[in-house]
Amino acid sequence: MIVKTLGRVDYLPTLEAMRAFTAARSADTPDELWLCEHPPTFTQGLAGRPEHLLLPGDIPVVPTERGGQVTFHGPGQVTAYPLVDLRRLGIYVKEYVFRLETALIQTLESYGVTGLRVAGAPGIYVRPAEPGAHAALAGPVDPADPFRGLAKIAALGIKVSNHRTFHGLALNVAMDLQPFQRINPCGYAGLETTSLDKIGVSTDWSTAAGRLAERLSAQLTP
């Protein structure tokens, strides 16, 4: 897998470049992983509903073809775009999503943080009150508050075209979280979001991006 660190780049040209790469690639094209951060941008997935955009204000909203609802990208967030041929890798979409989440969990583990999956809510969550606790989520989910005691630290939204992936995932490292209050993150009203710095982890963007790239490359290499 070829890893490309793009730095801070505007969202829309990056999206157009992903689309072009995916449309033009052949069975022999090497897979790539693009790492970047974006200026403040809300992105709306295919299932996105306008009522989840509460107060976008001066932050642009970009409709996309990825799955999921609305999320926020901004400085201090590692955004990773795996451009992968699933047929060559020999896996299907469900396994692909599982591997993306596993890479995120492994990255958090390298910082002493326990990442958690929540059934039916793609992405990775942590316990802000005790981010290093190892106890698994247990018991039935409270339908009135399925995210009690949790905060989302990484979002996931993908698109697969002819077995080839684009879009990807975003890990909150050290960022202004206020824009998340202008939306229902991923379609969940009141869902708390957090970032590594808010749970006591001191790291920089390059280090976090490098760790995530290592784990993603290991998960997505045949």
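These figures come from a predicted structure and were not determined experimentally.

> Break down the overall build of the protein chain for me, with residues and values.
Within the protein chain, the secondary structure is distributed over four helices and ten strands. Ordered by position in the sequence, the α and β elements of the protein chain form the string β-α-β-β-β-β-β-α-α-β-β-β-β-α. Here the C-alpha radius of gyration of the protein chain, 16 Å, is about what a compact globule of 222 residues would show, namely 17 Å. Looking at the protein chain as a whole, 52% of its 222 residues qualify as buried. Of all intrachain contacts in the protein chain linking residues separated by at least 6 positions in sequence, the fraction that spans at least 24 positions is 69%. Working note: accessible area of the protein chain is about 10,100 Å², and carbon and sulfur atoms make up 55% of it. Distance between charge centres in the protein chain, computed from 20 positive and 21 negative side chains, equals 5 Å.

> So, the pairing of strand S1 (residues 2–8): which residues are in play, and what are the values?
The two faces of the sheet receive side chains in turn, since in a regular strand these alternate between them. By the bridge criterion, six bridges tie S1 to strand S2 (residues 32–37) in an arrangement that is parallel. In the strand pairing of S2, valine 3 is matched with leucine 33. With respect to chirality, the unit in which S1 leads through helix H1 (residues 11–24) into the neighbouring parallel S2 is right-handed.

> I'd like a description of the sheet that holds strand S3 (residues 41–44), backed by residues and values.
If you trace the three strands from one edge of the open sheet to the other, you get S4-S3-S5, paired in mixed fashion. Either end of the sheet is taken by a strand with one partner, and the two such strands are strand S4 (61–63) and strand S5 (70–73). Strand-to-strand twist of the sheet, defined as the mean angle between neighbouring strand axes without regard to direction, takes the value 30°.

> Go over the environment of histidine 134, please, and point to the residues and values.
Inspection of the secondary structure assignment puts histidine 134 in the loop between strand S8 (121–126) and strand S9 (151–161). Linking histidine 134 and glycine 115, residues 19 residues apart in sequence, is a C-alpha distance of 9.0 Å. Among the polar contacts listed, one links the side chain of histidine 134 to the side chain of threonine 114, at a separation of 3.5 Å.

> Explain the packing of aromatic side chains residue by residue, including any values.
What the rule picks out here adds up to five aromatic pairs. Where phenylalanine 72 meets phenylalanine 180, the ring centres are 5.4 Å apart and the plane angle is 80°; that geometry is what we call edge-to-face. Taken together, the residues phenylalanine 72 in strand S5 and phenylalanine 180 in the loop between strand S10 (164–172) and helix H4 (205–219) connect sequence positions 108 residues apart. With relative accessibility at 7%, the residue phenylalanine 180 sits in the buried group. One aromatic cluster in this structure is built from Phe42, Phe72 and Phe180. We note arginine 117 situated over the ring of phenylalanine 98; from NZ or CZ to the ring centre the distance is 4.1 Å. Sitting over the ring of tyrosine 111, arginine 211 keeps its end group 4.1 Å from the ring centre.

> Pulling in residues and values, what's your account of the pattern of salt bridges?
One pass over the structure, following the stated rule, counts twelve salt bridges. Close ionic contact of arginine 164 with aspartate 85 constitutes a salt bridge, the shortest N to O distance being 4.0 Å. Placement of arginine 164 in strand S10 and of aspartate 85 in the loop between strand S6 (77–83) and helix H2 (86–89) is noted, with a sequence separation of 79 residues between them. Taking the shortest distance from any N to any O, the salt bridge between arginine 99 and glutamate 95 comes out at 2.9 Å. Remark: glutamate 95 and arginine 99 occur in helix H3 (residues 93–109); sequence separation between them is four residues, near one turn of the helix. Salt bridges here are not isolated pairs; linked through shared partners, they connect Arg25, Asp31 and Arg88.

Thresholds applied
Residues numbered from 1 in each chain as written. Predicted model: local features only at pLDDT ≥ 70, side-chain atom pairs only at ≥ 80, totals over all residues. Heavy atoms only, no water. Helix = DSSP H or I, 4+ residues; strand = E, 2+ residues; numbered from the N terminus. Rg over C-alpha atoms; globule rule 2.2 N^0.38 Å. Buried < 20%, exposed > 50% of the residue type's maximum accessible area, 1.4 Å probe, protein only. Contact = heavy atoms within 4.5 Å. Areas by Shrake-Rupley, 256 points an atom, 1.4 Å probe, with all protein chains shown as cover. Lys, Arg positive; Asp, Glu negative; His and termini not counted. Charge placed at Lys NZ, Arg CZ, Asp CG, Glu CD. Pairing = 2+ DSSP bridges. Right-handed = clockwise from strand over helix to strand, strands pointing away. Axes fitted to C-alpha atoms, helices over the stretch in contact; angles between N-to-C directions. Polar contact = N/O pair within 3.5 Å; in protein donor to acceptor, adjacent residues only side chain to side chain. Phe/Tyr/Trp six-rings, centres within 6.5 Å; stacked < 30°, edge-to-face > 60°. Lys NZ or Arg CZ within 6 Å of the ring centre and 35° of its normal. Salt bridge = Lys/Arg side-chain N within 4 Å of Asp/Glu carboxyl O.

Remember that the coordinates give geometry; whether it matters functionally is a separate question.
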